[in-house]
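# Close look at the chain arrangement
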Amino acid sequence: MTEAGRSTATAGRSVGEAYNFAYLDEQTKRMIRRCILKAVAVPGYQVPFGSREMPLPYGWGTGGIQVTASIIGPDDTLKVIDQGADDTTNAVSIRRFFARVAGIETTDRTAEATVIQTRHRIPEHPMREDQILVLQVPKPEPMRYLEPRELECRKIHGFSEYGLMHVQLYEDIAKFGEITTTYDYPVMVNRRHLMSPTPIPKFDNPKMHRFPALQLFGAGREKRIYAIPPYTEVKSLDFDDHPFEVQTWDECCALCGAEDSFLDEVITDDEGGKMFVCSDSHYCGERRAAGHVGPMEGEDAPSFARPADQEADGS
Amino acid sequence: MYVAVKGGEKAILNSHELLAERRRGDPEVSELGIRQIKEQLTLAVDRVMTEGSIYDPDLAALAIKQARGDLVEAIFLLRAYRTTLARFGATEPIDTARMAVQRRISAAFKDLPGGQVLGPSFDYTHRLLDFDLMQEAETAPEAERAPKPVDDDMPRVADILDSEGLIEIDEPDDEEREVADLTRQPLTFPAERDQRLQNLARGDEGFLLALGYSTQRGYGRNHPFGGEIRMGEVAVELTPEELGFPIEIGEITVTECQMINQFKGNEDTPPQFTRGYGLTFGHCERKAMAMALVDRALRSAELGETPAFPAQDEEFVLYHADNVEASGFVQHLKLPHYVDFQSELQMVRRLREQFEARKRGEAAE
């Protein structure tokens, strides 16, 4: 900038000093908080908001980041996960962003965090009323793949007329004998609005029902915010004769032996060898620390099996 | 042993260092200066300013340097900076009729008041590589100047037609109404003219070029004529609340394109020409023309034509024109999707088991 003969107020200052606390200016945060309040008042309704352009790309969590930036304070402790893990690259990147622009505490312990930003998972560890879960949303409109027009979708929600989705699910059953949607499985919130739970596996859907913590959803590119207030009824769509079911595994976690968590499949060689491990890295680490042992623990443990806090907290 | 695609802090930092090294290239070669980019890659700077939505050649040049010449990445950098700036008001509409013209051409009239002014243009160059440019020149090229400046009075072609009533009336917006700003308020449908034009001005040049081209090839034909393209400097005026009258705060270079399109008329409206409008920062002629074609195509419903083609589809065009949004979402597919993929994997395996079982059953019968 000096070469260009330009001396801005920001020259020579660190990023933390050059930007407002948590990056966004206070007016923007207030605007977003107003939208959040509206979203909480009408559970599952998508509130349009003046989404800002963030220094991270669209589709990489800009909605969640804006929600987190608007609600976080200097005393908060933030946990960021992607696919359930604290050490996935984008989770590391977002955690670094907040450590840099807000200078707040970060953690990988679900129970210690006051705000948890997540992509594609809800933590296995139960959450409390004094915590907030912020979900990153790629496509807020659950009807979008059936009806690409925004104008039409607004009408569908206005009339609560979701027959199209029921027909889609019914067609699945007619064709395959079961509903083949495995993630981003549509839910009815507060018996009024059909909502995308974000691409969490349907395994996580039941956790949303009467969840003690506030759940906030931010879609940056699509410029929508929605919310599920604590203890709200959240029902996954189904039929009386085809009740909603979640995924199950024949295996348990190879590292901690958990039989109740979502398992990721890891390919171990090119001859069909594989293992299953908890997608929630903190849950798995906590169980192992408590002495739970899976069938492969102690063997030549893979790189990701290291305790998560070796890397996650440094920034 | 399989190494999971999970990266820690260290890997990310290393990647950034490597990126910085690649950006600099061979240290034997002298480093590219911001002023060099600003002065010699002006059209790249202009595009980045236009789609980056901020008029600042220095910052645009910086973004281009930092992005290693990737213009969409540079646009992203500039947008992310712009979003943090305070807004202290909206300027008066710029008056392109009072432009200090560098270039002005019309394809609709052979001659017109003020004449045709080619200005700096690739138009009639032969696209032959100029091998002299392989060497740095001893002296800078200098173009001969005309003995007298261009005509002060250079009316816009659309205004000339307007005085005859042959073109639709350009109704000015209600001055009291606050102009829409997509960077503060999300798109709403049906989109108003201000939303549409802002979206197109920020929109990706390549996307608009292809859409504009598609209208010419029959996917929403509207018989366009290049009514006028003009490029030059215009004054930017702001009315501070405490003053109550406009003051000039600076000058910007813009390119404006007014397309003139045929319209056969209907029961209420006599046959007349209709308008398509394009405006960019700097000299972005291709973009301004494409924008004008798409603007006119998007007015099809308003003009009583049945929208049937992609360029006429408001939601399709306006939702997909922004390259920062598009680039981010397309590239988010690089992010891990283990959990969703695992869910799908299970489902496909189960469906296949059922399929195999059915086949076995059929074979047994």
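Fair warning: this is a prediction, and the values are worked out from it, not measured in the lab.

Residues and elements named next belong to chain A. Following the sequence through the fold, Thr-198 ends up in the loop between strand S7 (193-195) and helix H7 (205-208). We classify Thr-198 as buried; its relative accessible area is 0%. If we skip the residues at most four places from it in the chain, Thr-198 touches Leu-135, Gln-136, Val-137, Asp-184, Phe-217 and Tyr-226.

This part is about the sheet that holds strand S6 (residues 187-189) of chain A. All names here are of chain A. Read across the open sheet, the three strands follow the order S7-S6-S10; overall the sheet is antiparallel. The open sheet has two edge strands with one neighbour each: S7 and strand S10 (234-236). Adjacent strand axes in the sheet meet at a mean angle of 30°, parallel and antiparallel pairs treated alike. Where S6 lies against S7, three bridges are found, and the strand directions are antiparallel.

Right, let's talk about the domain arrangement of chain B for a bit. Residues and elements named next belong to chain B. Domains assigned within chain B are domain 1 (9-82) and domain 2 (96-119 + 149-169 + 182-321). Just the C-alpha atoms count here: the centres of domain 1 and domain 2 sit 29 Å apart. Across the boundary between the two partners, domain 1 contributes 12 residues, which contact 14 residues of domain 2. In total, domain 1 and domain 2 occlude about 1100 Å² of area from one another, counting both sides; carbon and sulfur atoms represent 51% of this. The largest contributions to the domain 1 side of the interface with domain 2 come from Thr-50, Glu-51 and Tyr-55, which together make up 48% of the buried area. Our enumeration of links across domain 1 and domain 2 arrives at two salt bridges. A salt bridge links Glu-51 to Lys-287; the nearest nitrogen and oxygen atoms lie 3.9 Å apart. Connecting domain 1 to domain 2 are eight residue pairs in polar contact (both at pLDDT 80 or more). Of all the secondary-structure elements, those providing two or more residues to the side of domain 1 that touches domain 2 are helix H3 (42-52) and helix H5 (71-82). Sort the elements by how many residues they give to the side of domain 1 that touches domain 2 and H3 lands first, with six residues. By residue class, the composition of the side of domain 1 that touches domain 2 is five nonpolar, two polar and five charged.

Here we come to the pattern of salt bridges. All names here are of chain A. On inspection of all chains with the given rule, the structure shows 49 salt bridges over all chains. Lys-155 is the salt-bridge partner of Glu-152, the closest N and O atoms lying 3.2 Å from each other. Taken as a pair, Glu-152 and Lys-155 lie in helix H5 (residues 150-158) at a separation of three residues, close to a single helical turn. Under the relative-accessibility criterion, Glu-152 is labelled partly exposed at 33%.

Another aspect to go through is the confidence of the model for chain A. On average, residues of chain A score 89 in pLDDT, and 89% of them reach the 70 mark or higher. Between residues 1-10 of chain A, whose pLDDT stays under 50, and residues either more than four places distant or in other chains, the model counts 12 contacts.

Right, let's talk about the interface of chain B and chain A for a bit. Tallying the contact residues gives 57 residues for chain B and 69 residues for chain A. Contact between chain B and chain A buries roughly 5600 Å² in total, counting both sides, with carbon and sulfur atoms accounting for 55%. For the interface between chain B and chain A, the tally reads seven salt bridges. Residue Glu-53 of chain A is joined to Arg-202 of chain B by a salt bridge in which the shortest nitrogen-to-oxygen separation is 3.3 Å. Where chain B packs against chain A, one counts 25 residue pairs in polar contact (both at pLDDT 80 or more). For the side of chain B that touches chain A, the secondary-structure elements that each account for two or more residues are helix H1 (9-24), helix H2 (34-40), helix H4 (57-66), H5, helix H10 (314-320), helix H11 (323-331) and helix H12 (338-364) of chain B. With 13 residues, H12 of chain B is the largest single contributor of residues to the side of chain B that touches chain A.

Procedures and definitions
- Residues numbered from 1 in each chain as written.
- Chains lettered and ligands numbered in written order.
- Predicted model: local features only at pLDDT ≥ 70, side-chain atom pairs only at ≥ 80, totals over all residues.
- Heavy atoms only, no water.
- Helix = DSSP H or I, 4+ residues; strand = E, 2+ residues; numbered from the N terminus.
- Buried < 20%, exposed > 50% of the residue type's maximum accessible area, 1.4 Å probe, protein only.
- Contact = heavy atoms within 4.5 Å.
- Pairing = 2+ DSSP bridges.
- Axes fitted to C-alpha atoms, helices over the stretch in contact; angles between N-to-C directions.
- Domains from an automatic or database assignment.
- Buried area = accessible area lost by both parts, 1.4 Å probe.
- Salt bridge = Lys/Arg side-chain N within 4 Å of Asp/Glu carboxyl O.
- Polar contact = N/O pair within 3.5 Å; in protein donor to acceptor, adjacent residues only side chain to side chain.
- Nonpolar A, V, L, I, M, F, W, Y, C, P; charged D, E, K, R; others polar.
- pLDDT = per-residue confidence, 0-100.

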